[in-house]
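What follows is the residue order along each chain.
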Amino acid sequence: MGADPHSLVAPYALHALDDEECRAFEQHLAVCERCREELAGLKEAAASLAYGAAGPAPPPELRERILTQARSERANVASLPQRRRSWTAPLAAAAAVAAAVAIGLGVWTATRPASTNAFTSVLAQAGSRVITMGDEGALAVAPDGKAAIALRLPKAPTGKTYEAWVIRDDGIKPAGLFGGGGDASVVELTRRVPRGSVIGVTVEKAGGARQPTQRPFVASGETT
Amino acid sequence: MTALLTTSPPPAASRDLAHLSDESLLSLVAGSDDQALAELYDRFGRVAYGLALRILRDETLAQDAVQEAFLAVWRSADRFLAERAKANTWILTLVHRRAVDLVRREDRRRGEPLESAGEPAAAETVEEEATLGFERRVVLEALAQLSPEQREALELGYYGGLTQSELAERLGLPLGTIKSRMFAGLSRLRELLAEAGLESSYP
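A. Structural context of the overall build of chain B. Along chain B, the regular secondary structure elements total 11 helices and zero strands. For chain B, the sequential pattern of α-helices and β-strands runs α-α-α-α-α-α-α-α-α-α-α. Counting only residues that meet the buried cut, chain B has 46% of its 203 residues in that class. Here the analysis covers contacts within chain B between residues at least 6 apart in sequence; of these, 65% occur between residues at least 24 apart.

In C-alpha cells, the structure reads:
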C-alpha cells in the first residue's frame, strides 16, 4: 500500500477505497485499535450524510418485495433439520435467537394486562442494547445505565430468592431480588449498569445477601 | 429452545413495535422477526432510497440497492449485536456500500460532468423545506459550514461514489490532499453534528 495506513480511515469510512486498498486497510484495522476507535466515530458522521440526500419516497411495492424475499429466506432456513442446524449454526446466531426470544418474551409480557414493563421501557430508549443471558434470557441496558432483565425461571424454592448482581472488576453489587415463576420474570435492576459490567443471578436466602454466596448460575455478556 | 419458541407466542399480528429502539429492533431481526424488519424499513426506507437514488440516479438501480441492503440487514443482523455502533449508522452504511458497489459496477458516473456527481444540497422548495426532517436540516447546515474543499471531497466521495484515486485524478490533486480533506471534513462534520445534538457518541 505504501502510504501510511492510518491515513485511510476517512476514505474507508466514505467507501472511497478500491477493492484492493479496502482489503489492505481491513487487515491493518484488525491490528490497530486506534484506527478502529477513529473509524467508529467517522463512520457515524459519514452515515449521517445519507440524511442530506433527500428524494422522493420509494415506491410502495419495494417494501413488499423486501419483506416477501426476507420471509422466503427464513422459510428456507427453518426447513433445515433442527439437529443439523444446532451444530452448524454459529454461536452468534444462536445467541441472537436467544436474545430475540427473550425480547419477544418481554414485549409479549408487556402486551397482556398493562401496556408496558421495565424491560420494554428500557428498550424504548434510543441507543438501548440487548445482551443475552444464558439460553433463555436477556439484559436490556439504556445508554444511561438503566437496565432490566427478562428471564424464564422456575419459582424460587421456599425461603429463597433470586438475586441479581452487577459484576465489575472493582466489585460485585446487589441489583435486586425477585421470585421467578410464571411465564417470565421481568426485573428492573435497582442499580445502574455501567459499561464493562456483567449481570449475574444467584439463589440466596429470602431477604437477599450483600455479596453472592455462590457462582451465578446465569450471567449476561459484558455490556458495551 | 424449541420448546421456548412454541410456548412464548408473541401474537404475530398485534404487536406494536413502534416504541422499540432501532437497536432493539435489530435484535429482533437477528431472530428472524419480519415485523421488526418492516418497522426498520418504515423508519429508514425513505432516507435509504433517497441516498441510493442520489448515488445511482436511476430508480430501478436505487430500488435494487435498497432491497439488497435491507436483505443484508435481515441476513446479518446478528453481527450488529457485537458492534459498538448505532443501528442507523449500521443500516445506512450497508445501503451506501450497496449503492456504491452498484454505481461502480454500472460505471454510470464516468465521463459525466463533475457538477452532476455532487449536486449542491441547497435550493429547496417551500414545500420540501417544510417536510425536512430534523436530521436533514442539521446535516445540510453542517455541510454548509465546511470549507468548500472539504465539502467537495465528501460530496464527490460519498454521493458521487468516486474512489480517492479517481477523485485525485478528476481534481488534479495529489492523493494525500484528497485523504486529508476527507479526514478533516469528516472530523469537522462529526463535531458539528455533535454540537447540533444529532449525534450522541456511539453507545
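B. The sheet that holds strand β1 (residues 129-133) of chain A, seen in detail. Residues and elements named next belong to chain A. Judged by pairing direction, the sheet is antiparallel, and its four strands sit side by side in the order β1-β2-β3-β6 without closing on themselves. Only two strands of the sheet have a single partner each, and these edge strands are β1 and β6 (185-188). Across this sheet, the average inter-strand angle for adjacent strands is 20°, counted without regard to direction. Pairing of β1 with strand β2 (residues 137-141) involves five bridges; the strand directions are antiparallel. Across the sheet, Ile131 pairs through a bridge with Leu139, a residue of β2.

C. Inspection of the nonpolar core at higher detail. One finds Val29, Ala52 and Val95 of chain B to be the most contacted residues of the largest nonpolar core, which totals 109 residues. Among the elements that make up this core, the one with the highest residue count is helix α3 (residues 34-56) of chain B (14 residues).

D. Molecular detail of the pairing of strand β4 (residues 160-168) of chain A. Residues and elements named next belong to chain A. Here eight bridges tie β4 to strand β7 (residues 198-205), and the two strands are oriented antiparallel to one another. Within β7, the residue paired with Ala164 across the bridge is Val201. Bridging between β4 and strand β5 (residues 171-178) involves six bridges; their strand directions are antiparallel. Directly across from Glu163, in β5, lies its bridge partner Leu177.

E. Main features of helix α8 (residues 134-145) of chain B. Under the 1.5 Å per step criterion, the end-to-end length of α8 of chain B is 17 Å for 12 residues, consistent within 8% with the ideal 16 Å. Among the residues of α8 of chain B, those classed as buried are Arg136, Val138, Val139, Ala142 and Leu143 of chain B. The buried residues of α8 of chain B occupy an angular sector of 165° when projected down its axis, which confines them to one face. Across from the buried face of α8 of chain B, at angles greater than 90 degrees, the exposed residues are Phe134 and Ala144 of chain B. Its buried side turned inward, α8 of chain B meets α3 (33-48) of chain A together with α9 (148-159) and α11 (175-195) of chain B.

F. Broad picture of the packing of helix α4 (residues 59-80) of chain B against helix α5 (residues 87-106) of chain B. Residue and element names in this part refer to chain B. Relative orientation of the contacting elements α4 and α5 amounts to 135°, with a least axis distance of 9 Å. In this view, α4 runs oblique relative to α5, as classed from their interaxial angle. The element α4 and its partner α5 pack so that their crossing is right-handed. Within the contact between the two elements, α4 uses Leu61, Asp64, Ala65, Val66, Glu68, Ala69, Ala72, Val73 and Phe80 and α5 uses Ala87, Trp90, Ile91, Leu94, Val95, Arg98, Ala99, Leu102 and Glu106. In terms of residue class, the contact of α4 with α5 is built from 14 nonpolar, no polar and four charged.

Calculation notes
- Residues numbered from 1 in each chain as written.
- Chains lettered and ligands numbered in written order.
- Predicted model: local features only at pLDDT ≥ 70, side-chain atom pairs only at ≥ 80, totals over all residues.
- Helix = DSSP H or I, 4+ residues; strand = E, 2+ residues; numbered from the N terminus.
- Buried ≥ 20, exposed ≤ 12 C-beta atoms within 10 Å, placed from the backbone.
- Contact = placed C-beta atoms within 7 Å.
- Pairing = 2+ DSSP bridges.
- Axes fitted to C-alpha atoms, helices over the stretch in contact; angles between N-to-C directions.
- Core = buried A, V, L, I, M, F, W, Y, C linked by C-beta atoms within 7 Å.
- Expected span 1.5 Å × (residues − 1).
- Arc of directions from axis to C-beta.
- Parallel < 35°, antiparallel > 145°, perpendicular 65-115°, else oblique.
- Left-handed = near helix turned anticlockwise from the far one by under 90°.
- Nonpolar A, V, L, I, M, F, W, Y, C, P; charged D, E, K, R; others polar.

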